[in-house]
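# Understanding the architecture of this molecule
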Amino acid sequence: MASPPTAPRRCGPCQACCTAYPIEGLLEESPRWVPCHHRKAQGCSVYPRRPDGCATFRCAWLDGWGSEGQRPDLLGLLVEFLPARPRIGLGERAIATELAPQAAARGDAREALRTLHAAGRAVYLVPYRARGFETLGRPWPAPG
Ligand code: SF4
Ligand code: SF4
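Let us look at the structure shown here. (Residues numbered from 1 in each chain as written. Chains lettered and ligands numbered in written order. Predicted model: local features only at pLDDT ≥ 70, side-chain atom pairs only at ≥ 80, totals over all residues.)

### Some remarks on the overall build of the protein chain
Formally: Helix and strand labels come from DSSP, where a helix needs a run of H or I of at least four residues and a strand needs a run of E of at least two; each type is numbered from the N terminus. Around each residue's C-beta, the other C-beta atoms within 10 Å are counted; 20 or more make the residue buried, 12 or fewer make it exposed, and counts in between make it partly exposed. All C-beta atoms are placed from the backbone. We call two residues in contact whenever the C-beta atoms placed from their backbones are within 7 Å.
Looking only at helices and strands, the protein chain features four helices and six strands. Written out in order from the N terminus, the α and β elements of the protein chain read α-β-β-α-α-β-β-α-β-β. A buried classification covers 26% of the 144 residues belonging to the protein chain. For the protein chain, contacts bridging at least 24 residues in sequence account for 50% of all contacts bridging at least 6.

### Focus: the nonpolar core
Heads up, the condition is: As used here, a nonpolar core is made of buried Ala, Val, Leu, Ile, Met, Phe, Trp, Tyr and Cys residues. They are joined through C-beta atoms within 7 Å. As annotated, the domain borders come from an automatic or database domain assignment.
Within the largest apolar cluster, 26 residues are counted, with the highest numbers of intra-cluster contacts made by Cys17, Leu77, Leu78, Val79 and Ala96. Those elements that provide at least two residues to this core are helix 1 (17–20), strand 3 (77–82), strand 4 (93–98), helix 4 (107–118) and strand 5 (122–126). Each of domain 1 (13–57) and domain 2 (58–144) gives at least three residues to this core. In this structure Leu77 touches Pro72, Ala96, Thr97, Glu98, Leu99, Ala103, Ala104, Ala109 and Ala112, once residues within four positions along its chain are discounted.

### Things to note about helix 4
Going by this rule: Here a helix's expected span is defined as the number of its residues, less one, multiplied by 1.5 Å. The arc refers to the directions leading from the helix axis to the C-beta atoms.
The end-to-end C-alpha distance of helix 4 is 16 Å, a good match for the 16 Å that 12 residues give at a rise of 1.5 Å each. Burial in helix 4 covers these residues: Ala109, Ala112 and Leu116. Take helix 4 and look down its axis: the buried residues cluster within an arc of 60 degrees, on one side only. More than 90 degrees from the buried face of helix 4, the exposed residues found are Gly107, Glu111 and Ala118. Tucked into the core, helix 4 has its buried residues touching helix 3 (72–75), strand 3, strand 4 and strand 5.

### Side note on the pairing of strand 4
Rules: When DSSP finds two or more bridges between two strands, those strands count as paired. Whether a crossover is right-handed comes down to one check: with the strands pointing away from the viewer, does the path from the first strand over the helix to the second run clockwise; if it does, it is right-handed.
Where burial is concerned, most of strand 4 is hidden: five out of the six residues are buried. Relative to strand 4, strand 3 runs antiparallel, the two being bridged by six bridges. Its bridge partner being in strand 4, Leu77 is matched across the sheet by Glu98. As paired strands, strand 4 and strand 5 are joined by five bridges and run parallel to one another. Bridged to Ala96 within strand 5 is Leu125. In this fold, strand 4 hands off to helix 4, which returns the chain to strand 5; that crossover is right-handed.

### Quick notes on the site of ligand 1
Inclusion rule: The C-beta atom of each residue is placed using the backbone, and any residue whose C-beta lies within 6 Å of a molecule or strand is treated as near it. Only Asp, Glu, Lys and Arg are considered charged in this grouping, and only Ala, Val, Leu, Ile, Met, Phe, Trp, Tyr, Cys and Pro are considered nonpolar; every other residue, Gly among them, is considered polar.
Around ligand 1 lies a shell of 13 residues, among which Cys11, Cys14, Ala16, Cys17 and Cys59 are the nearest. Of the residues that constitute the shell around ligand 1, the class distribution is 10 nonpolar, one polar and two charged. Residue-level mapping places the shell around ligand 1 at the junction of two domains, with at least three residues from each of domain 1 (13–57) and domain 2 (58–144).

Now the structure itself:
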């Protein structure tokens, strides 16, 4: 298991969620899988006045999950933890979104998925360029 980071993490050059996720407040401008037009090589060009959805979103890595090398842009997976929703029968879930075609088939990504699964959360894999959050991906590993 990875050691917890000693200092709060920063996104650095990662802008994975600026492409893979539609950000609240930018939905019309930045639908899923279209890079937000505020993305620049040096980072977000509107960072001080970015929408609330951008400012409040924290992927699992930013909150301390995994190693430094498992930052989403490096791992090829954007992992988000969702809390349990017992009223509709859902436990804690890890949603892993592929950031490139077949990203989950890479050895380091598969190891990350195994680690998430072993930790006891239900793991769902969202294929690269899948539309719609409501599906929350396919169970990983596949049942059967
Ligand atoms: S995916 Fe995570 S680390 Fe990358 S920019 Fe978004 S919040 Fe930051
Ligand atoms: S406004 Fe900035 S932080 Fe928000 S999605 Fe666009 S580039 Fe990313």
